[in-house]
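Coordinate analysis (summary)
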Amino acid sequence: VSTIKDAMADVGMETDAKGASLRGPSVFVTPGGTGAIAKVLLNALPFTTITLGIGIFVEPATLHLRANGLVLISEAQAADGSSCVIVGSREGCCSTPLLHIEAAQCTLSNLHIEHAFCVASCRPRELGTNDSELGQFSAIRISGESQALIARCSISCRQGCGIDVGGSARPTIHNCSVEACSDGFILRDSSAATVRQNSVRNCTSSCIKSMNHAEGTVHDNCFENGGHACLLAAGSSSTSFINNKIGDTKGCGIRLCDETTAIVEGNHVNGHHMNGLEAGGSSNAMVKGNTIKGSSGSGMVLHDSSNGVFVNNDISGSVLAGVGIRDRADPIFTGNRVSHGAGSGLVLLDEAKGVIDDNRFFKNTCAGIGIKGNACGLFNKNTVCDNAGYGVWMQDTASGTFQNNLVENNSKAGFAVSHQAAPTLHSNRIIGGQQVGLLIQNQAHGHYEANIISHNKSGNVMLLGSSSGTLLKNLISHSTGGGVIVRGENRSVLSFNTVEGNSRANIAVLDQAKPIFEENLIQNGLGRGLVITGTAAGQYLGNTIRSHALAGVYVGGNAEPHLIRNIVCESGASGIVVEDCAQPHISHNSMCGNASAAVAVQGTAAPVMECNIVLHNGNGGIWLGEKAGGIFTGNRVEESPKGWRIGSHVTARVESPVALGVSLSSFPQYEQELRDRIENAMQYCRPLPRLVNAVFVQNPGVDDKSTIGMVFIKFPSNLLHTCETLSNTSRAANF
C-alpha cells in the first residue's frame, strides 16, 4: 500500500488529509530500543490508531491488543524499499504469541512480522491434534469473540504458527502473505474465521489447519509447500475450503482427519505432491468440484472409517490409483471423472464399501476399476471406457452390485472376476472390448442378469477354472471370438440368455466343464451354435438353437453332455453332429429344417438318443457313420429315403418299433408333449408350407405298416391341427 491514507481506506477507515483516523486518537511510533510498541499499547484508549514508522521494532514480550477498536498499521514503504518490521524474540520454550488480539474489534494492516521464533528447541504438536492448547509459538493469536480484521500483512515464523484463531473468534483475514512457519494458519476451538486471498507457503506442517469445532470459510487462497499437508481439516471442524489453489507440497494437498465435516469445494491441487486428497479417521466431508492433477501417489485416498460425499471432482494423471478406497471407508462417490492415470482409475481394498454412482473412469493405464480383499460397493450408471488394462477387475473375496454401467473399449477384459469374488451384475453394457467382454475364472462366482455383452473381439463371455457363475437373461452377441467359452472345471448356470450373431461358435464348452444351459435362445451364428468337446459334460435343457452357418450342435472328443428338450433348427449343415469318442445323452429334442442330416454320428461316437423328433424335409434324418455306436430308441423320424442312413460297421443298437395298430395314446411320454414340441419346432421353420403331409416312422428297417401320420396347417398361430395314428400305409398315402 503506497500511503497511510490508502492503508486506512483499505480496511474501511476514514482519515483526514494527513491520514489520521477520524474515529479516535492517533499515535505515531518510531523504532528505538525494545518494546516500543508494547509501551504504547499499555495505555492505548479504545479506537486508537497506532502508526508504526519505518524500521525494526524488537518486541520480546507479547503485544496485547485489548482496547476495543484499536488499529495497528505501518507507515508506507520508503523509496529505497525499507519498511516497518516487527521482530519477536523468545528465550526458552514459550507458547505465548507475539501479537495477541483479545479486543472485540481490532484492525492490523500493512504489517511485516519477520523472524518471530522460539530460540530453544520446542517443537509444534503433531498434525491433526485436537488439543486446544497447542504449545507452540504463534505470530498472531486471535481469541475470545474477536471480529478482528487483518489485511495485507506479511508473516514469517520459523518454528511456530503464523496466525492462530481460537475461542469463538470471527476474524476476517485477507491479502496476507505467510511463509516459513510450522503451520501458516490454525483455526481451532469454536472459531469461524473468514480467510481469503492469502498466500501461504513453505510450512513444515501444514499451510492451514482447521481443528476442534472450528467453522468459517477459507476461499481463494494460494497454498504451497506444506510439509505434511497444505490444507488440513481435523477434529470436529466444519470449515468450508472453497476455490483455493494448492501447488507443490511434500505431503498431500488436502487431508481430512478425525470427525471433520468440512466442505471442500472448487479447489485446484496441482504441482508436485504425494496424494491429492486424503480422508481418514471418521471424517464425513463434502468434497465437490475439485481438480486434482499429477499426483505422485493417488489423486484421492479414502481410508480408516471415513465416509463423506465426493461429487463432480476431476482427478487425472495420478501415478498410482486415481482414487483408492480402503480399510472400512464407505463414501458416496458420484459424478466424478478419473482419467489418464499410470495405475487404475478406482481401487477398493480391504473392507471398503461405498456408493459409486454416475462417474467416468477412462484412459487409465491399468484397470478402470479394481476391487480386492473383502471390498463391496454399489456401482451404478458409471462409464468405464478406453482403459489400457481391464475395465473392471475383481479378485480375492470381493463382491458388490453393478447395475446400469457402461463398460466399453477397454484393452483387456471388460469385466474380469477372479479368485473367489462374487459380484452381482444387472443391466450393464459390456461392449466393444479389445479382448473378452466378461471373464469369470478361478473359483469366482456371482449373479449376472439382463446385461448386454456384445462386440468384444476375443469372445463375449469366458468362464474358466472352477468358477460357477449364474448368467440369466443376458444378450451375448456379435463377437469375432465367439459368444460363450466355457473351460476348465466350470460349473456355471446359464438360463434364458440370448446368444446370437457370434463368429466361430455361439457357445463352446471345453475341457472338463460341466455347465448347465437352460432355456437359452442360441441363434444366427456365423459358425456352430453349441460346441461341446474335450471331456466336457453338463446339461443342456430346453434351449432353442437355430439359424447357424454350420452345425447347430457339435459334440466331440470324449464329451458326455445331456441334451434334453432342445429345438435345433435351420442349421446350414447338420442339426447335431456327434463324432470322435463322444457319448452324449440326447433325448426329447426336436430337429427340423437343417440343411444336412438332422443328426450325424461319426467316428466311434456312441450317443444315447431317445424320444427325439426329426423333421428333415428330405435333407436327412439320423445318419450313423461306419463305426458309430450308441442306443437309439423311441425317436420319431420323418419318413423318406433319407430318414435313416446306417453305415456297414455300425455297432449302434436301434430299438424295434412298436407293434402294428398300437395307438399313440399308449405312450404317455409322447402324447401332449409330442404335439407341443412339434408345434414349437415348426414355428422356427421358414418358410412354413401352407399344408404339409408328414409321415413318421419310429425306427428304420421294419414293416412300413407301423407309421404315424400327421397334418400341419398354417394358421396365424402356426397351430398344430391334427395328429392321428394310422393303421396301414394305404391310409397314410391317401390321407
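This one's a predicted model, so the numbers in the text were calculated from it and none came from an experiment.

Brief notes about the overall build of the protein
When helices and strands are tallied, the protein shows 4 helices and 80 strands. In the protein, which comprises 735 residues, the proportion classed as buried is 56%. Pairs at least 24 residues apart make up 45% of the contacts formed inside the protein by residues separated by at least 6 positions. Summing over all exposed atoms, the protein offers an accessible surface of approximately 27200 Å²; the carbon and sulfur share of this is 49%.

Some words on the pairing of strand 5 (residues 70-74)
Most of strand 5 is tucked away: 5 of the 5 residues are buried. Of the strand pairs in this sheet, strand 2 (residues 49-52) and strand 5 are connected by 4 bridges, and their pairing is parallel. Bridge pairing in strand 5 links threonine 51 to isoleucine 73. Pairing analysis gives 4 bridges linking strand 5 to strand 8 (residues 106-109), with the strands arranged parallel. Each residue of the ladder has a partner; that of isoleucine 73, found in strand 8, is serine 109.

Quick look at a nonpolar patch on the surface
Taken together, Ile332, Val355 and Leu378 make up a surface patch of nonpolar side chains, about 200 Å² in accessible area. Locating valine 355 in the fold gives a position in strand 38 (residues 355-357). By relative accessible area, valine 355 is classed as partly exposed at 32%.

Some words on the packing of aromatic side chains
Counted according to the given criterion, the structure contains 6 aromatic pairs. Taken together, a centroid distance of 4.9 Å and an interplanar angle of 85° make the contact between phenylalanine 402 and phenylalanine 415 edge-to-face. Pair noted here: phenylalanine 402 is in strand 44 (residues 399-403) and phenylalanine 415 is in strand 46 (residues 415-417), with a separation of 13 residues, a long-range link. Summarising the burial analysis for this pair, phenylalanine 402 and phenylalanine 415 share the class buried. Ring centres 5.6 Å apart and planes at 10° place the aromatic pair phenylalanine 517 and tyrosine 540 in the stacked group. Here phenylalanine 517, found in strand 59 (residues 516-518), pairs with tyrosine 540, found in strand 62 (residues 539-541); they are 23 residues apart in sequence, far enough to count as distant.

Describing the pairing of strand 19 (residues 206-210)
Counting buried residues in strand 19 gives 5 out of 5 residues, a clear majority hidden from the surface. As paired strands, strand 16 (residues 183-187) and strand 19 are joined by 4 bridges and run parallel to one another. Residue pairing across strands places isoleucine 186 opposite lysine 209, the latter belonging to strand 19. Relative to strand 22 (residues 229-233), strand 19 runs parallel, the two sharing 4 bridges. Residue isoleucine 208 lies in a different strand from strand 22, and its bridge partner there is leucine 231.

A word on unusual backbone geometry
Even without glycine at this site, aspartate 350 takes up a positive phi of about 60°. In the Ramachandran plot, glutamate 519 falls in the positive-phi region, its phi being about 55° despite a non-glycine side chain. Structurally, glutamate 519 can be placed in the loop between strand 59 and strand 60 (521-523). Judged by its relative accessible area of 32%, glutamate 519 is partly exposed.

Quick notes on the environment of cysteine 581
Mapped onto the elements, cysteine 581 comes out in the loop between strand 67 (576-578) and strand 68 (585-587). For the pair formed by cysteine 581 and alanine 628, sequence separation is 47 residues and the distance between their alpha carbons is 9.3 Å. Not counting residues up to four positions away in its chain, the partners in contact with cysteine 581 are Gly557, Asn558, Thr604 and Ala605.

Details of the pattern of salt bridges
Using the criterion set out here, one finds 13 salt bridges in the structure. Residue arginine 337 pairs with aspartate 314 through a salt bridge whose shortest N-O separation is 3.6 Å. One end of the pair, arginine 337, is in strand 36 (residues 337-339); the other, aspartate 314, is in strand 33 (residues 314-316), and 23 residues separate them in sequence. A network of salt bridges, in which partner residues are shared, links Arg141, Asp164, Arg188 and Asp189.

Concerning the side chain of serine 74
Mapped onto the fold, serine 74 is located in strand 5. Here asparagine 110 takes part through its backbone oxygen, which lies 2.4 Å from a polar atom of the side chain of serine 74.

Topic: the confidence of the model for the protein
Taken as a whole, the protein shows an average pLDDT of 85; of its residues, 81% reach a score of 70 or greater. Below a pLDDT of 50 lies the segment residues 118-135, which in the model reaches 48 contacts outside its immediate sequence neighbourhood of four places, other chains included. Throughout residues 656-671 the model reports pLDDT below 50, and contacts reaching past four residues in sequence, or to other chains, amount to 25 contacts.

Re the state of the cysteines
The tally for this structure, following the rule as stated, stands at 0 disulfides. Free cysteine: cysteine 230, not disulfide-bonded; nearest cysteine sulfur from cysteine 207 at 4.0 Å. Residue classification places cysteine 230 among the buried residues on the basis of a relative accessible area of 0%.

Here we look at the side chain of asparagine 244
By the element assignment, asparagine 244 lies in the loop between strand 23 (240-242) and strand 24 (245-246). You can call asparagine 244 buried: its relative accessible area is 0%. Looking at asparagine 244, its side chain comes within polar contact range of the main-chain nitrogen of aspartate 220, at 3.3 Å. Among residues more than four places away in sequence, those in contact with asparagine 244 are Val218, His219, Asp220, Asn221, Phe223, Gly266, Asn267 and His268.

Some remarks on the environment of leucine 302
Of note, leucine 302 is situated in strand 31 (residues 300-302). On the basis of relative accessibility, which here comes to 0%, the residue leucine 302 falls in the buried class. Residues leucine 302 and alanine 279, spaced 23 residues apart in sequence, show a C-alpha to C-alpha distance of 4.7 Å. Residue contacts for leucine 302: discarding those within four places in its chain leaves Leu277, Ala279, Phe310, Gly324, Ile325, Arg326, Ala329 and Pro331.

Criteria and thresholds
- Residues numbered from 1 in each chain as written.
- Predicted model: local features only at pLDDT ≥ 70, side-chain atom pairs only at ≥ 80, totals over all residues.
- Heavy atoms only, no water.
- Helix = DSSP H or I, 4+ residues; strand = E, 2+ residues; numbered from the N terminus.
- Buried < 20%, exposed > 50% of the residue type's maximum accessible area, 1.4 Å probe, protein only.
- Contact = heavy atoms within 4.5 Å.
- Areas by Shrake-Rupley, 256 points an atom, 1.4 Å probe, with all protein chains shown as cover.
- Pairing = 2+ DSSP bridges.
- Patch = residues over 30% accessible without salt bridge, like charges linked within 9 Å, V, L, I, M, F, W, Y side chains within 5 Å.
- Salt bridge = Lys/Arg side-chain N within 4 Å of Asp/Glu carboxyl O.
- Phe/Tyr/Trp six-rings, centres within 6.5 Å; stacked < 30°, edge-to-face > 60°.
- Polar contact = N/O pair within 3.5 Å; in protein donor to acceptor, adjacent residues only side chain to side chain.
- pLDDT = per-residue confidence, 0-100.
- Disulfide = S-S within 2.5 Å.

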